Amino acid sequence: MSESASFKPRVVEPVAPDAPDGLGLAVELWLARPVEGIAGHALRIHLRHGARMEQAETLRDLLHAVGTDIVVS
């Protein structure tokens, strides 16, 4: 991850007990510093129903490799 990255991604499974469709996997971004517009210290990206663990891990790895910042707009 870039030296200036403001988050650390990880895969979360399951997102919630007995989760409805679409909430089985998520990529969670642990924020290294506060982000305006986001309350708390983590942001979750819920993946579509049917997303596989390999896809979630690929997204996590891509965010880790190229992500530098989170912009709230």
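See above for the structure.
Residues numbered from 1 in each chain as written. Predicted model: local features only at pLDDT ≥ 70, side-chain atom pairs only at ≥ 80, totals over all residues. Heavy atoms only, no water.

For the chain, the count of helices and strands is one helix and three strands. The helix and strand sequence of the chain, counted from the amino end, reads β-β-β-α. For the chain, the residues scored as buried account for 27% of the 73 residues in total. Of the roughly 5100 Å² of accessible surface on the chain, a fraction of 54% belongs to carbon and sulfur atoms. (Helix = DSSP H or I, 4+ residues; strand = E, 2+ residues; numbered from the N terminus. Buried < 20%, exposed > 50% of the residue type's maximum accessible area, 1.4 Å probe, protein only. Areas by Shrake-Rupley, 256 points an atom, 1.4 Å probe, with all protein chains shown as cover.)

What follows concerns the nonpolar core. Core analysis: the largest hydrophobic core is formed by 11 residues, namely Phe 7, Val 11, Leu 25, Val 27, Leu 29, Leu 31, Val 35, Ile 38, Leu 47, Ala 56 and Ile 70. Elements with a contribution of two residues or more to this core: strand S1 (7-12) and strand S2 (26-31). (Core = buried A, V, L, I, M, F, W, Y, C linked by side-chain atoms within 4.5 Å.)

Attention shifts here to the environment of Leu 29. Within the secondary structure layout, Leu 29 lies in strand S2. On the accessibility criterion, Leu 29 (5% relative accessible area) is buried. Sequence separation of Leu 29 and Pro 9 is 20 residues, and the distance between their C-alpha atoms is 4.4 Å. Those residues in contact with Leu 29, other than ones at most four positions away along the chain, are Phe 7, Lys 8, Pro 9, His 41, Ala 42, Leu 43, Ile 45, Leu 63 and Ile 70. (Contact = heavy atoms within 4.5 Å.)

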